[in-house]
Amino acid sequence: MDLQNRVPSPLMNRLRRCARGAALAVAVAGSLSAVAAPQTGLEQRPGCFISGNRAFPVVLEIARTFNERQRGLMERTRLAEHTGMLFIYDQNRSPDHGFWMYNTLIPLDIAYLSSSKRIVNIQTMTPCASSDSSQCPTYPAGKPFRYAIEMNSGYFETNRIGVGDRLLVGATNCPE
């Protein structure tokens, strides 16, 4: 989290309402069947990680505002498979800017992305059980970044997505 928390949102219902997400909802319905994300009210958009000639469709909850980024995925007990939160900044963040896991209950991976949405670093973050936020470690990007995306822990390793791979946002951006 960007010193933020997580807020739930209904995965499939949001996809159905999002005209741009309709194509992705059909394409990934089999792999996401019966999976619902917590309700948040955050915008959701389909996305796609591109690694070599492989494409991995995902559903992204969008955190654009300071409050949305600060809340992040806090207090959630689960994150649906193939779902993540995309943190968007108006300008590049410094390499020492980081995220933390205060009040975050689930282990997460974070990918920091450049302004061209190429992954510049990936880290695994573990929940912080401390009630004192100052006792929670931060996970700095180590490189300048404009976007960050949090996924369930192990997502990037399992799918062999790494530094240099890219994220495309929008239903038409994920080749079949």
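These figures come from a predicted structure and were not determined experimentally.

Criteria and thresholds
- Residues numbered from 1 in each chain as written.
- Predicted model: local features only at pLDDT ≥ 70, side-chain atom pairs only at ≥ 80, totals over all residues.
- Heavy atoms only, no water.
- pLDDT = per-residue confidence, 0-100.
- Contact = heavy atoms within 4.5 Å.
- Buried < 20%, exposed > 50% of the residue type's maximum accessible area, 1.4 Å probe, protein only.
- Helix = DSSP H or I, 4+ residues; strand = E, 2+ residues; numbered from the N terminus.
- Pairing = 2+ DSSP bridges.
- Axes fitted to C-alpha atoms, helices over the stretch in contact; angles between N-to-C directions.
- Phe/Tyr/Trp six-rings, centres within 6.5 Å; stacked < 30°, edge-to-face > 60°.
- Core = buried A, V, L, I, M, F, W, Y, C linked by side-chain atoms within 4.5 Å.
- Disulfide = S-S within 2.5 Å.
- Salt bridge = Lys/Arg side-chain N within 4 Å of Asp/Glu carboxyl O.

Enquirer: For this particular structure, what's the right way to read the confidence of the model for the protein chain?
Expert: Caution applies to low-pLDDT parts of the model: their predicted coordinates are not meant to be read in detail. On average, residues of the protein chain score 80 in pLDDT, and 75% of them are at 70 or above. Segment residues 2-39: pLDDT under 50, and 120 contacts once partners within four positions in sequence are set aside and those in other chains are kept.

Enquirer: Would you mind showing me how to read the pairing of strand β1 (residues 44-51) here?
Expert: For β1, the tally of buried residues reaches eight of eight residues, placing the bulk of the element in the interior. Of the two faces of β1, the one lined by Gln44, Pro46, Cys48 and Ile50 and the one lined by Arg45, Gly47, Phe49 and Ser51 are each fully buried. Where β1 and strand β2 (residues 54-63) come together, eight bridges link them in antiparallel fashion. Each residue of the ladder has a partner; that of isoleucine 50, found in β2, is alanine 55. Sheet analysis places β1 next to strand β9 (residues 166-169), joined by four bridges and oriented antiparallel. Each residue of the ladder has a partner; that of glycine 47, found in β9, is valine 169.

Enquirer: Help me understand the sheet that holds β9, please; the structure alone is not making it clear to me.
Expert: The strands that make up a sheet are held in pairs by hydrogen bonds between backbone atoms, and each pair lies either parallel or antiparallel. Strand order in the open sheet formed by seven strands is β6-β5-β8-β3-β2-β1-β9, and the pairing between neighbours is mixed. On the outer flanks of this sheet lie β6 (119-125) and β9, each paired with one strand and no other. Sheet twist, expressed as the average angle between the axes of neighbouring strands with direction ignored, equals 30°.

Enquirer: Would you mind showing me how to read the packing of aromatic side chains here?
Expert: Between two aromatic rings, the relevant description is the distance of the centres plus the angle of the planes. Under the defined criterion, the tally for this structure stands at eight aromatic pairs. Between the aromatic rings of tryptophan 100 and tyrosine 102, the centroid separation amounts to 5.3 Å while the plane-to-plane angle is 40°, which identifies the pairing as tilted. Across this residue pair, the class does not change: tryptophan 100 and tyrosine 102 are buried. Ring pairing ties together the aromatic residues Phe87, Tyr89, Phe99, Tyr112 and Phe145, which thus form one cluster.

Enquirer: Whenever I open this one, the nonpolar core confuses me. Can you help?
Expert: Within soluble globular proteins, side chains that are nonpolar tend to cluster in buried spots. Core analysis: the largest hydrophobic core is formed by 23 residues, its most contacted members being Phe87, Phe99, Leu108, Tyr112, Met125, Phe145 and Ala148. If you list the elements that add at least two residues to this core, you get β3 (83-93), β4 (98-100), β5 (108-113) and β8 (145-152).

Enquirer: Please clarify how the state of the cysteines should be interpreted in this entry.
Expert: Note on terminology: a disulfide is the covalent bond linking the sulfur atoms of two cysteines. Throughout the structure, instances matching the rule amount to one disulfide. With its sulfur 2.1 Å from that of its partner, cysteine 128 forms a disulfide with cysteine 136. On the S-S bond that ties cysteine 128 to cysteine 136, the torsion sits near -85°, and the link is left-handed. The exposure class of cysteine 136 is buried, given its relative accessible area of 8%.

Enquirer: Help me out: how do you make sense of unusual backbone geometry in this one?
Expert: One can expect most non-glycine residues to show negative phi and most peptide bonds to be in trans. Residue asparagine 103 is not a glycine yet carries a positive backbone phi of 60°. Inspection of the secondary structure assignment puts asparagine 103 in the loop between β4 and β5. Backbone geometry places lysine 117, a non-glycine residue, at a positive phi of 65°. Examined against the element boundaries, lysine 117 turns out to sit in the loop between β5 and β6. When its relative accessible area of 23% is taken as the criterion, lysine 117 is described as partly exposed.

Enquirer: Just checking my understanding: could you explain the pattern of salt bridges for this structure?
Expert: Opposite charge on two side chains allows them to pair when their charged atoms are near. Evaluated as defined, the whole model comprises four salt bridges. With its nearest N and O atoms 4.0 Å apart, the salt bridge here joins glutamate 43 to arginine 45. Residue class for glutamate 43 comes out partly exposed when judged on its relative accessible area of 34%. Overall, arginine 45 belongs to the buried group, its relative accessible area being 15%. Glutamate 61 serves as the salt-bridge partner of arginine 76, at 2.6 Å between the closest nitrogen and oxygen. Residue arginine 76 is located in the loop between α3 (66-71) and β3, and its partner glutamate 61 is located in strand β2; the two are separated by 15 residues in the primary sequence. Given the relative accessible area of 2%, arginine 76 is considered buried.

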